[in-house]
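Coordinates in review
Okay, here's what each chain looks like letter by letter:
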Amino acid sequence: MTKWTWSGDRAEFRNGFGVFQVEFHQSMHQHCHGQITVMESQRKSSGEEDSSGERGSLHTWKGYSYSVTPERVLLSRPVLQAALGTRHGVLLVEGGQVYSFGEFPWKQSQVSEVGPLKPVLESALSGQRVVAVAAGSFHSGAVTEDGGVHMWGENSFGQCGLSSLTVVPNPTPVAVLDSDTSPPHTIRVLELACGEQHSLALSAQHEVWAWGSGCQLGLVTTVFPVWKPQKVEHLVGRHVLQVACGAFHSLALVCWLPPQEARRPLPDKCGQCNQLLYTMTDKEDHVIISDSHYCPLGVELLVDGEARLGPGRSPPLRFQSSPSEPLSSHTSASAPGPHPSITEHTDYERGRTVAQNGEVLTTTDSDISAAGTDSDRTVGGVGGAGSRNSPYPDQAVKEYLKKLSDTSLAEETVKMTIAGASFQPPADSIDLLTSDLIPGVMPVTTSSALNSLVSSCASAVVERVVSTCEALSLKKRINYYYPGVGGVAGVPGEVPGGVPGGFPGGLVEERVCLEESIQGKKSCSTGDIREEEAEGLSRRLSLPGLLSQVSPRLLRRASRPRVRAVPLTPVGGLPEAGELLPSLQTEVWSWGRGEEGQLGHGDNLSRLQPLCIKCLSSKEVVLVAAGAHHSLALTAQSQVFSWGSNSSGQLGHMDCPTTIPRLAKLSEGIRVWDVCAGVQHTLLLADGDCYQPILYYSGQQVIEGAQDAPQDQTEGYSYTQQPVLLPFCMNLGYVSGVFAGGQSCVALADRNVMGFSASLHELAAAERKFYCKLSSVKNHILRPLLDLESLSTALGPASTVLLQSLARCYSRLCHLTGQHSASLTANLRRRREVKSLVMLEHASIFLDTYNEYCCSVGNFLVMGGFQALAKPSLDFFGKCPELLQRLAESSEENILLSDLLVALFYLPMRHLHEYGRLLLKLGTCFEVSSVDYQKLQDGCSKFEALALHLKRRRKEAEYTYHFWKSFPGKMTVSGLDSLRKPHRRLICESSNKALTLQNSGRFSVNWFILFNDALVHAQGVVPYKSLFSTHHVFPLATLWVEPIPEENTDLYGLKLISPEETFTLLACSSMEKAKWLRSINQAVDQAMSGSGQRAEPPISRTASYTFYKDSRLKEATYEGRWLAGKPNGRGMVKWLDGRIYTGTFKNGLEDGFGDYIMPSKTLNLNDHYQGHWKKGKMHGIGTYKYASGELYEGSFQDNMRHGHGMLRSGSLNSSSPSVFIGQWVHDKKTGYGVFDDITRGEKYMGMWQDDQRQGTGVIVTQFGLYYEGAFNNNKMQGTGVLLSEDNTTYEGEFSEDWTLNGKGVLTMANGDYFEGSFTGEWGSGLKVTGSFFKPNLYDSDGDKGRAVKLGRLAVRPEEKWRAVFEECWMRLGCEAPGQGENQRAWENIAVALTTSRRQHRDSPEMNLSRTHNRTLGSLEFIPQQHVGPVTMEKYDRIRHSLIKACDTPLHPLGRLMETLVAVYRMTYVGVGANRRLLLQAVNEIMSYLARIFQLVRFLFPDLPEEGGAIPEPSSDPQDKKDSNCADTQLESPKPGRVVSSSALLLPVLLPRLYPPLFTLYALEKEREDDVYWECVLRLNKQPDMALLAFLGVQHKFWPVSVPVLGEKTEVVSSTKDACFASATETLQQISTTFTPSDKLQVIQLTFEEITKEVLSSLEDNFLWSMDDLFPVFLYVVLRARIRNLGSEVSLIEDLMDPCVQHGEHGIMFTTLKACYYQIQHEKTT
């Protein structure tokens, strides 16, 4: 029940909101007698409501009389938005349709007036989905879903954006185009705002576009109207959130610039006239700073030719010389009409103090209602008629200036009152000021008084700059929204008195000029000066060169140590919130006409360009609204700032009109969340003590019968002196938005269906209330505490840092709450949907912020911060901290101040329960099965769970704090300091002797303390029970606990395992044992995962640990996987000396693949090993890069090179580059190996012993020398054979490298030879003792030749690379070749493949292709064909699996194949490409085949031996077909059913070895091939028929016609390269194949092509004879032009499978070989 009672002219309103007194005017008495009762709408159940209009019902009214009854507008659809002009309105309904009502003079022949209860549809917008509407005084606008703009109404000033039209009767599209792009692209618009003669649009890029007429456009132009929308360039680069239009002024809500933008250095010169913006004059103990530069740009020309300056520019100072002189035009152009009488008061004095140098300071943050009153004391010049003028004597001016410059008397200037007298400076000083600002006016001599004032004011500025940059005391925050220091050089600031009439009414122009000279300059956004809330840390005052020129006295004063200031507003907002929540870091910019002060810059000047209103920059403005001549700003803290015309009390306070924003006067507890403004009234939507919104009205009263009176006539009208409550608001339902325009008011309301509206409003109102509470604590508690100068002394360094961290976290929480409250409010105004609630979709932002804040409070509590903070708090708040008790909501008496502070800072945690309750309440409005219900339930669960979790964390923090309070005396001070950490929480401790150490000493005392991150074992000796001398900390992440079974013993034991210690604890009872076991396990799990919910933490875990005992790992830090106290799995160890191991561990030792870096102190570089480990040592395959530059790749064993490996020493341009590849034993070259000495151009292939050549070997040089023989002690020593390039041969004894010494035979290239004793070095002269022999000319060639058979003294092929094959056998699990289990070998293969795949998967740099992965996957499975009889089908599967295995180096066979290819190329490439090595190269391949075949037969034991037969396949033709298909790809010529190593393995091996092998064949057959090729070139000059005849081909085999491009062409005598062309092309493919079987297949196909062509001409059955076939085949060989045919023939002959030598393929090969020899000896005559 809500009651009104009244008597006389005053009424009293009582309900849950409080008691309010309202003054009633005469018009009210006609309707009010006695008492009226208004039923609250909450009493009405949803069943009583009208079923239609549950959402978006529209109510309209005028004025604020108690008798006003809002009229409901009935529409078929809910109204989403309304906009009101002077005499018309526009409505946006659900579905995107637009209705209009009121007077429409622009409709011409259509209906020109419609009552508000019967709106008409704007049919021109049908088909368009409108998302926003706007209304100006006499025109309207709409924004469609695609961002298009439609305008209609009055267009005389271009406000509709359509040229050549005075009125626009119907909505018409207006193109908003960006002409800066080519071609111009259309701008997408988000919202519109309309004034009387202009319109603004906010684009999707958050830029402002304007069109129409007047300076309110913000455009740099002198041509009006502006018909096409143009971008407001002054706001480009800024993020504009909202725009609003008054009649002739504009407002924009803008985001702060990002911190990096705000920190950019400001320019020191004007961009227009290139003059200095700042000047400084250094005096003895102060610096005079002047920023009085004004550029003439931005002057607005008035009708009478007088200039009005734009933003930041001072007007000419023209003072009155006599009381009768008229005021200037821009101060007298005020709205006519009477104004309420303004009484003098001194409230302002209580909110302001004057600092030492005359600067104005403030000690309150929120009470801005007092601020700025001095600038608006005079009514007559701005808002009223008539001014008081009484000239003030010159002597008084000088005395006043003297007082102001004297800092000791500065305080008196505040209390000075000048009543009834005007202040007029001397004429000479006025002339000086004028000449400074107006070009062409010469300056005159200034007075000493003015100079003194300037010095004083500038010194004050410098001191404030220093304190700003040092972030000093927050008590002394400069109140930048009100100019308190001197202005233009030579002009004093306004009298900082708190008395009305500080400037008499007759000097309005002087006051305005002084305010403009100061406030205008301070309103530049880039030169922003904000220090409020210490946010100046990121937004500094930036004057070029300022601090370097400050006087030493000030620098000494500023250098005193202070506590670092903490910004209590997060700079840049919360990053994780991103675009999800509205920004609170906003600025309000205004521009346009300012006669009524509606721009808020402290003056009545107009602005051509947008200018930031400084005093609102830190007020978290979330909404702006503009009336005809006044402006409103709504903050996140639900405060309303108003400025401009107050002719009808529309600003919401009882003071005089104001030109800077001030707070509207509302009762405590009233939180406003929506505002709107009409011509002379303001409507506020607010929360009271309940959650149903209430309405407040301030401004002009509209009386029935006089509603249509002109606005400039005020007879019969009354006004409010402060906002009054509208009594009918409770009947409207749940109002979601208010709108105003002209004299009308509109409210959109929802009915409380299913309680949804009430719950949604309650959630938003609770968040607004909570944010106001948080802000109060921040402003009245946290900020003053941080500002205390004794704070750091009382707390100490550690606690001071924690308090600053607490302040930052509190600030983040407060800021997030403010953003969320703004988001919920916006949701009420627009969507009113559950799915748009950020706290549901992005709950993690809230949960993380609360978690972080609770952690910071707990840390501060644990470290005794609140107890230490009690003393400075007591000094500040006194012994009766009622404010603290009220904010902490504590009703306890005699509560300790520290406990009160704890309760206060833990207060935000209660709000989590409120979240849960309200979300649950919202959920009851939906069906249980709906998505919204599930979301609300999930959100409720999250917040409730967090609330319980944080409650437990608070108890843990309090328990820990009390433990530390009782802790001193039990341990040394150093031990206490080392254990007490902010994040550490106590879980339990054994002070009651519930836990003891087994086998401890008789006199020892043990104390176990379990924290949330460590177990502490403190030890002491019995005589010193009060002092534990030593302690050790066991991190929980590396602690394992196991219960000891109680069956065998009566001991209740727990086994504790740490990385370096294992010990047993004994409990006093089984219950105590279970308690400690559970506590330790939960603490370990909490430390690892953060949950602590599991009964037992995992035995395998990831953790970090620094060893302190282990000799090998002492002081090393391990981070990685653990298993039962030992590193096990992947991890990393870092030693203090710089060594780093990264890889796998097993039982605490390096085992598996790992990466090891070891610094080299001498070379200042690192050794780097990457490879396999076993039991802490390098073991297996690896790569070692030495700091010296050497690189070893191969096998290791026990940290030494052991097995097969390759060592590269130096580089090609180093002093001694070389490469060794071969066998190593215990870090030395031992066994067979190849050494390539790149410097000497020699390559050694032979045996080694202890890094020296020892045994048989071969050396070849780059000069063609070849030696094979014995080596001893790294020298050629013993029997050997030496050949030179020209075939000169020596066979005999050697003593040194290339030194002959002993018996031997020297054979010349022509066959002559010496036999005897030789001494000397080869190539430098030999001494010979012996006989010379010259063979008889008539001896046969065989007798002449004493050719030496090479290879006898070289290493046998089967002895080469034994280590490579032994490693492969070892990988299969065999200690020696052929000795092992077949099944184990297959298991080892599968393990190796799986391990390698995991290793490659864990290492991104070792990625495998998808095909490679599939191949490995198929090879991991053990095939079934490795046992049982081998058939052809199984043989084919074996062959295919071998191909796959050899294709991947991760398979043992693939690794073997890769290594053999590497060693083969290393041997026979480069210097090794010597023709004398051909026989050894071929024999080496045959050796590979035999040894690999042995491995294959071990894996497939049922495979027949070399030459064995495979049973014939079944007679099923399908099986035969499949078998043949599978066999064709790799071995087309089937060598019967005989198994051979060459047939099975050559297709895999030979393609990889082909290049070096064929090079050796080419070198060996070079001479024969040259003879052959010369003959081929000569014979191929003949045409086809001539060549056929020359070769003796019978005429019947000559082709008569040949196909050319698909057509038959007759062969004539000139035809060339046409006969047998297909056979020729087939034979040419012999050079593109690798294996002998593939080359034989090509020869066979060539014969088939010849036969096919011959049969086509003979056309009957034909059988070849060799005499007929050979000439034809010879022709084909000649035409094929195969360059190295001799090499091809030799390769086939050497490597051909023996089983095919006597078959069909053998005969064909013999034919090819015969052709080769025939061509060499062919005679052409």
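Please refer to the structure placed before this passage.
Model, not experiment: these values are computed from the prediction.

1. Some remarks on the overall build of the protein chain
Summing up its helical and strand segments, the protein chain has 37 helices and 71 strands in all. The long-range fraction of contacts in the protein chain, counting pairs at least 24 apart against all pairs at least 6 apart in sequence, stands at 58%. Per element, the accessible surface of the protein chain, about 75100 Å² overall, is 52% carbon and sulfur.

2. Brief notes about the packing of aromatic side chains
Considering all chains together, one arrives at 57 aromatic pairs under this definition. Judged by centre distance (5.0 Å) and plane angle (80°), the rings of Tyr-1118 and Phe-1145 are edge-to-face. With Tyr-1118 in strand S52 (residues 1117–1123) and Phe-1145 in strand S54 (residues 1140–1146), this residue pair connects regions lying 27 residues apart in the sequence. The cationic tip of Arg-1101 hangs over the ring face of Trp-1040; the distance from NZ or CZ to the ring centre is 4.2 Å. A cation over an aromatic ring shows up here: Arg-1139 above the ring of Trp-1135, its NZ or CZ 4.5 Å from the ring centre.

3. Section: helix H23 (residues 1362–1371)
Turning to H23, its buried residues are Ala-1363, Val-1364, Phe-1365, Glu-1367, Cys-1368 and Trp-1369. Where H23 is buried, its residues meet strand S57 (1177–1185), strand S58 (1191–1197), strand S59 (1200–1209), strand S60 (1218–1225), helix H27 (1452–1468) and helix H28 (1478–1499). Downstream of H23 by a residue or two, Gly-1373 has a phi angle that is positive, lying close to 90°.

4. Comments concerning the packing of helix H34 (residues 1636–1658) against helix H35 (residues 1666–1680)
It is at 11 Å that the axes of H34 and H35 come closest, and there the two elements cross at 110°. With respect to each other, H34 and H35 are oriented roughly perpendicular. Taken as a pair, H34 and H35 cross one another with a handedness that is right-handed. From H34, Ile-1643, Thr-1646, Phe-1647 and Ile-1650 reach across to H35, where they touch Leu-1669, Val-1672, Phe-1673 and Val-1676.

5. Digging into the pattern of salt bridges
Counted according to the given criterion, the structure contains 44 salt bridges. Across the salt bridge formed by Arg-1356 and Glu-1358, the nearest N and O atoms sit 3.3 Å from each other. What makes Arg-1356 partly exposed here is its relative accessible area of 49%. For Glu-1358, a relative accessible area of 39% corresponds to the partly exposed category. Asp-1436 serves as the salt-bridge partner of Arg-1439, at 3.1 Å between the closest nitrogen and oxygen. Of this pair, Arg-1439 and Asp-1436 both sit in helix H26 (residues 1432–1447), three residues apart, roughly one helical turn. Across this residue pair, the class does not change: Arg-1439 and Asp-1436 are buried.

6. Examining the sheet that holds strand S41 (residues 734–741)
With antiparallel pairing, four strands are arranged side by side in an open sheet as S6-S5-S42-S41. Unpaired on one side and paired on the other, strand S6 (71–73) and S41 mark the two borders of the sheet. Along the sheet, successive strands turn relative to each other by an average axial angle of 30°, direction set aside. Note that strand S5 (residues 57–62) and strand S42 (residues 744–750) share six bridges and pair antiparallel. From the neighbouring strand, His-59 faces S42, where its bridge partner is Ala-747.

7. A few points about the pairing of strand S71 (residues 1607–1610)
By the bridge criterion, four bridges tie strand S70 (residues 1601–1604) to S71 in an arrangement that is antiparallel. The partner of Val-1604 across the bridge, within S71, is Glu-1607. Connecting S70 to the next strand, S71, in antiparallel fashion are two residues, including Leu-1605 with a positive phi near 55°.

8. Comments concerning the sheet that holds strand S50 (residues 1062–1067)
Think of a sheet as strands paired side by side through backbone hydrogen bonds, with each pair either parallel or antiparallel. The sheet built from four strands is open, its strands ordered S44-S50-S49-S48 with antiparallel pairing. At either margin of the open sheet sits one strand with a lone partner, and together these are strand S44 (995–997) and strand S48 (1040–1043). Here the strands of the sheet are splayed against their neighbours by 30° on average, with no regard to which way each runs. Alignment of S44 against S50, held across three bridges, turns out to be antiparallel. Bridge pairing links Leu-997 to Leu-1065 in S50. Contacts between helix H21 (residues 1070–1089) and the sheet are confined to S44, S48, strand S49 (1052–1057) and S50, with S49 contributing the most and set at about 20° to the helix.

9. Regarding the packing of helix H33 (residues 1621–1628) against H34
Running from N to C, H33 and H34 cross one another at 180°; their axes reach a closest spacing of 8 Å. With respect to H34, the element H33 is oriented roughly antiparallel. Residues Ala-1621, Ser-1622, Ala-1623, Thr-1626 and Leu-1627 of H33 form the contact with H34, whose own contacting residues are Val-1642, Leu-1645, Thr-1646, Glu-1649, Ile-1650 and Glu-1653. The class makeup of the residues in the contact of H33 with H34 is six nonpolar, three polar and two charged.

10. Concerning the nonpolar core
Nonpolar side chains tend to gather and get buried jointly when the protein is soluble and globular. Of all hydrophobic cores here, the largest spans 125 residues; its most connected members are Leu-695 and Phe-905. Contact partners of Phe-905, with chain neighbours within four places excluded, come to Leu-782, Leu-806, Tyr-810, Tyr-853, Val-857 and Phe-866. Listed in part, the 75 residues of the second largest apolar core include Val-1234, Leu-1442, Leu-1453 and Tyr-1468.

11. Notes on unusual backbone geometry
Here the amide bond leading from Ser-182 into Pro-183 is cis, since omega sits at -5°, within 30 degrees of zero. Considering the arrangement of structural elements, one finds Pro-183 in the loop between strand S16 (177–178) and strand S17 (185–186). Cis rather than trans, the peptide bond between Phe-224 and Pro-225 has omega equal to -5°. Even without glycine at this site, Lys-1175 takes up a positive phi of about 55°. You can call Lys-1175 exposed: its relative accessible area is 64%. For Asp-1227, which is not glycine, the phi torsion reads 75° and is therefore positive. The residue Asp-1227 is located in the loop between S60 and strand S61 (1228–1237) in this model.

Reading the values: the criteria
Residues numbered from 1 in each chain as written. Predicted model: local features only at pLDDT ≥ 70, side-chain atom pairs only at ≥ 80, totals over all residues. Heavy atoms only, no water. Helix = DSSP H or I, 4+ residues; strand = E, 2+ residues; numbered from the N terminus. Contact = heavy atoms within 4.5 Å. Areas by Shrake-Rupley, 256 points an atom, 1.4 Å probe, with all protein chains shown as cover. Phe/Tyr/Trp six-rings, centres within 6.5 Å; stacked < 30°, edge-to-face > 60°. Lys NZ or Arg CZ within 6 Å of the ring centre and 35° of its normal. Buried < 20%, exposed > 50% of the residue type's maximum accessible area, 1.4 Å probe, protein only. Axes fitted to C-alpha atoms, helices over the stretch in contact; angles between N-to-C directions. Parallel < 35°, antiparallel > 145°, perpendicular 65-115°, else oblique. Left-handed = near helix turned anticlockwise from the far one by under 90°. Salt bridge = Lys/Arg side-chain N within 4 Å of Asp/Glu carboxyl O. Pairing = 2+ DSSP bridges. Nonpolar A, V, L, I, M, F, W, Y, C, P; charged D, E, K, R; others polar. Core = buried A, V, L, I, M, F, W, Y, C linked by side-chain atoms within 4.5 Å.

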